[in-house]
Amino acid sequence: QVQLVESGGGLVQAGGSLRLSCAGSGRSFSAMGWFRQAPGKEREFVATISRNTGTTYYADSVKGRFTISRDNAKNTIYLQMNSLEPEDTAVYYCAAGLSGNSLNVPGNYAYWGQGTQVTVSS
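Residues numbered from 1 in each chain as written. Predicted model: local features only at pLDDT ≥ 70, side-chain atom pairs only at ≥ 80, totals over all residues. Heavy atoms only, no water.

Engineer: Tell me about the overall build of the chain, residues and numbers included.
Structural biologist: Along its length, the chain carries zero helices and eleven strands. Each helix (α) and strand (β) of the chain, taken in turn from the N terminus, gives the series β-β-β-β-β-β-β-β-β-β-β. Computed over its C-alpha atoms, the radius of gyration of the chain comes to 13 Å, within 12% of the 14 Å expected for a compact globule of 122 residues. When the backbone C-alpha atoms are referred to their principal axes, the chain occupies close to 40 × 30 × 25 Å. For the chain, long-range pairs separated by at least 24 residues make up 55% of all intrachain contacts whose partners lie at least 6 apart in sequence. Entry remark: accessible area of the chain is about 6,200 Å², with carbon and sulfur atoms responsible for 44%. Here the chain contributes 10 positive and 8 negative side-chain charges, whose respective centroids are spaced 9 Å apart. (Helix = DSSP H or I, 4+ residues; strand = E, 2+ residues; numbered from the N terminus. Rg over C-alpha atoms; globule rule 2.2 N^0.38 Å. Contact = heavy atoms within 4.5 Å. Areas by Shrake-Rupley, 256 points an atom, 1.4 Å probe, with all protein chains shown as cover. Lys, Arg positive; Asp, Glu negative; His and termini not counted. Charge placed at Lys NZ, Arg CZ, Asp CG, Glu CD.)

Engineer: Kindly report on empty space enclosed by the protein, identifying the contributing residues and their values.
Structural biologist: As enumerated under the stated definition, the model contains one cavity of 30 Å³ or more in all. The space that makes up the largest cavity amounts to roughly 60 Å³. Secondary-structure elements contributing two or more residues to the lining of the largest cavity are β4 (31-37), β5 (44-50), β7 (66-71) and β8 (76-81). Per-class residue counts for the lining of the largest cavity are five nonpolar, four polar and three charged. (1 Å grid on protein atoms, 1.4 Å probe; cavity = no way out; pocket = protein on both sides within 12 Å on 5 of 7 lines; lining within 4 Å. Points joined across faces, edges and corners; volume = space filled by probe spheres on them. Nonpolar A, V, L, I, M, F, W, Y, C, P; charged D, E, K, R; others polar.)

Engineer: An account of the side chain of R65 is requested, with residue identities and associated values reported.
Structural biologist: Tracing the backbone shows R65 in the loop between β6 (56-58) and β7. Side-chain polar atoms of R65 contact the backbone oxygen of S61, separated by 2.9 Å. Among the polar contacts made by the side chain of R65, one reaches the main-chain carbonyl oxygen of S83 at a distance of 3.0 Å. Dropping the residues within four chain positions of it, R65 is found in contact with Q80, M81, N82, S83, L84, E85 and D88. (Polar contact = N/O pair within 3.5 Å; in protein donor to acceptor, adjacent residues only side chain to side chain.)

Engineer: I'd love a proper account of the state of the cysteines, names of residues and values included.
Structural biologist: Going through the model one piece at a time under the given rule, you end up with one disulfide. Linked covalently through their sulfurs, C22 and C94 form a disulfide whose S-S length is 2.0 Å. With the S-S bond torsion at -75°, the cross-link from C22 to C94 turns out left-handed. Remark: C94 occurs in strand β9 (residues 90-98) and C22 occurs in strand β3 (residues 18-25); sequence separation between them is 72 residues. (Disulfide = S-S within 2.5 Å.)

Engineer: Quick one: what's the story with the pattern of salt bridges, residue by residue and with numbers?
Structural biologist: Taken as a whole and judged by the stated rule, the model has five salt bridges. One salt bridge connects R36 with E44, and the closest N-O pair in it is separated by 2.6 Å. The salt bridge partner of R65 is E85, with a shortest N-O separation of 3.9 Å. Linking R65 in the loop between β6 and β7 with E85 in the loop between β8 and β9, this pair joins segments that are 20 residues apart in sequence. By relative accessible area, which is 11% here, R65 ends up buried. Exposure remark for E85: the relative accessible area of 33% places this residue in the partly exposed category. One continuous salt-bridge network, built from bridges that share partners, spans R36, E44, R65, E85 and D88. (Salt bridge = Lys/Arg side-chain N within 4 Å of Asp/Glu carboxyl O. Buried < 20%, exposed > 50% of the residue type's maximum accessible area, 1.4 Å probe, protein only.)

Engineer: So what about the nonpolar core? Which residues, and what values?
Structural biologist: Within the largest apolar cluster, 31 residues are counted, with the highest numbers of intra-cluster contacts made by W34, L79, M81 and Y92. Residue assignment for this core shows that the elements contributing at least two residues are β3, β4, β5, β7, β8, β9 and β11 (116-121). The dominant element in this core, judged by the number of residues it contributes, is β9, at five residues. What Y92 contacts, discounting residues up to four positions off in sequence, is E6, L20, W34, F35, R36, V46, F66, L79, M81, G115, T116 and V118. (Core = buried A, V, L, I, M, F, W, Y, C linked by side-chain atoms within 4.5 Å.)

What follows is the structure, given as structure tokens:
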């Protein structure tokens, strides 16, 4: 049974940092990533990383502030979030099981975590 379990969310002031983790179990994945969903908005792509090459992709809105990384031995990915802004407030979801080439489309991922809340106060 495949499971993705996120951790590390919380409340932080603007300009602060948080580190999210996502531990996968049941199988390994060629790519894993992060999405987020704010109230009343659609789920949006944040970042993804390739298991084998370590190639990373980021949404323009987080480039230079967020860093995605992986630990293949632990089947775990991380999202280091710096210089957080109130606009980053959302539930952050881990995703895996990508099919197709569009890695920024939520519908292309087969597996999802339960989500972790990130709240950035101004």
